[in-house]
Amino acid sequence: EAGVAQSPRYKIIEKRQSVAFWCNPISGHATLYWYQQILGQGPKLLIQFQNNGVVDDSQLPKDRFSAERLKGVDSTLKIQPAKLEDSAVYLCASSSQLAGELFFGEGSRLTVL
Amino acid sequence: AQSVTQLDSQVPVFEEAPVELRCNYSSSVSVYLFWYVQYPNQGLQLLLKYLSGSTLVKGINGFEAEFNKSQTSFHLRKPSVHISDTAEYFCAVKSPAGGTSYGKLTFGQGTILTVHP
């Protein structure tokens, strides 16, 4: 079974530039999550999708972050414009159901200079 | 709201010694509990999980954890560690049914386990 795929693995940008991360969940998994992991901290949930609908985006900085899952499969997380404090690893995870185990991708490491 | 507290940010230990990584949680409803491990530059890998039933849960790589409802704890243990166990470990809680946290996995701050030869 293929795991959660994420790209790019690494990205370096200047502040005020934009960046997009892509995630392809495990086939058949209805629930998709984006987490932000800042160095030295535990992952923090940014947004949770159930199929193509948003379940929870309470911690997503909506003035600069956006995410979509148009066809209920893969998802894109965008940051525009980026700030220095956005430097982090962005982890995508999927689950077959809301109450189920999460499977994580390897993450996309963002460095904002 | 649910939350997780990992009581030790760093745990150094010698090879073949036992180790315990402590985790306490807070939730107003029943919970599922998880331990994940993260090796450098990698994603999170599930070590073990408690959903229901026996409070002693065995996971991969010789790890086990015990769910204690009265103390709201889920401590991770291994009787004899190896150099390869050096990694960061995260405790996490999920509400299986109802409430504003339904389906949301909340993580602790992590514990860095360093195994010395």
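Residues numbered from 1 in each chain as written. Chains lettered and ligands numbered in written order. Predicted model: local features only at pLDDT ≥ 70, side-chain atom pairs only at ≥ 80, totals over all residues. Heavy atoms only, no water.

Draft legend 1. Examining the overall build of chain A more closely. Across its full length, chain A carries 0 helices and 11 strands. Counted from the first residue to the last, chain A has its helices and strands arranged as β-β-β-β-β-β-β-β-β-β-β. Dimensions of chain A along its principal axes, counting C-alpha atoms only, are 35 × 25 × 25 Å. A separation threshold of at least 6 residues defines the contact pool for chain A, and within that pool the share at least 24 residues apart is 53%. Where the 12 positive side-chain charges of chain A centre and where its 11 negative ones centre are 7 Å apart. (Helix = DSSP H or I, 4+ residues; strand = E, 2+ residues; numbered from the N terminus. Contact = heavy atoms within 4.5 Å. Lys, Arg positive; Asp, Glu negative; His and termini not counted. Charge placed at Lys NZ, Arg CZ, Asp CG, Glu CD.)

Draft legend 2. Spotlight on the packing of aromatic side chains. For the structure on display, the rule yields 13 aromatic pairs over all chains. Three or more aromatic residues link up through ring pairs in this structure, and these residues are Tyr33, Tyr35 and Phe104 of chain A together with Phe34, Tyr36, Phe90 and Phe107 of chain B. (Phe/Tyr/Trp six-rings, centres within 6.5 Å; stacked < 30°, edge-to-face > 60°.)

Draft legend 3. Structural view of the nonpolar core. If you look at the biggest cluster of nonpolar residues, it comprises 28 residues, and the most contacted ones within it are Leu33, Trp35, Leu47, Leu48, Phe74, Leu76 and Tyr89 of chain B. Looking at this core element by element, the count peaks at 4 residues for strand 10 (residues 87–94) of chain B. Among all residues touching Leu33 of chain B, those that are not within four sequence positions of it are Tyr25, Leu48, Lys49, Tyr50, Phe67, Phe74, Ala92 and Val93 of chain B. Counting 21 residues, the second-largest nonpolar core is a separate cluster that includes Ile13, Leu60, Ala82 and Tyr90 of chain A. (Core = buried A, V, L, I, M, F, W, Y, C linked by side-chain atoms within 4.5 Å. Buried < 20%, exposed > 50% of the residue type's maximum accessible area, 1.4 Å probe, protein only.)

Draft legend 4. Just the interface of chain A and chain B, in detail. Listed as interface residues are 25 residues of chain A and, on the opposing side, 20 residues of chain B. Taking both sides of the interface into account, the surface hidden between chain A and chain B amounts to around 1,700 Å²; carbon and sulfur atoms contribute 48%. Where chain A touches chain B, the interface holds 1 salt bridge. When the shortest N-O distance is used, the salt bridge between Lys49 of chain B and Glu101 of chain A registers 3.0 Å. Remark: the boundary between chain A and chain B carries 4 residue pairs in polar contact (both at pLDDT 80 or more). Breaking the side of chain A that touches chain B down by element, the ones donating at least two residues are strand 4 (31–37), strand 5 (44–50) and strand 9 (88–95) of chain A. It is strand 4 of chain A that contributes the most residues to the side of chain A that touches chain B, 3 residues altogether. The class makeup of the residues in the side of chain A that touches chain B is 10 nonpolar, 10 polar and 5 charged. (Buried area = accessible area lost by both parts, 1.4 Å probe. Salt bridge = Lys/Arg side-chain N within 4 Å of Asp/Glu carboxyl O. Polar contact = N/O pair within 3.5 Å; in protein donor to acceptor, adjacent residues only side chain to side chain. Nonpolar A, V, L, I, M, F, W, Y, C, P; charged D, E, K, R; others polar.)

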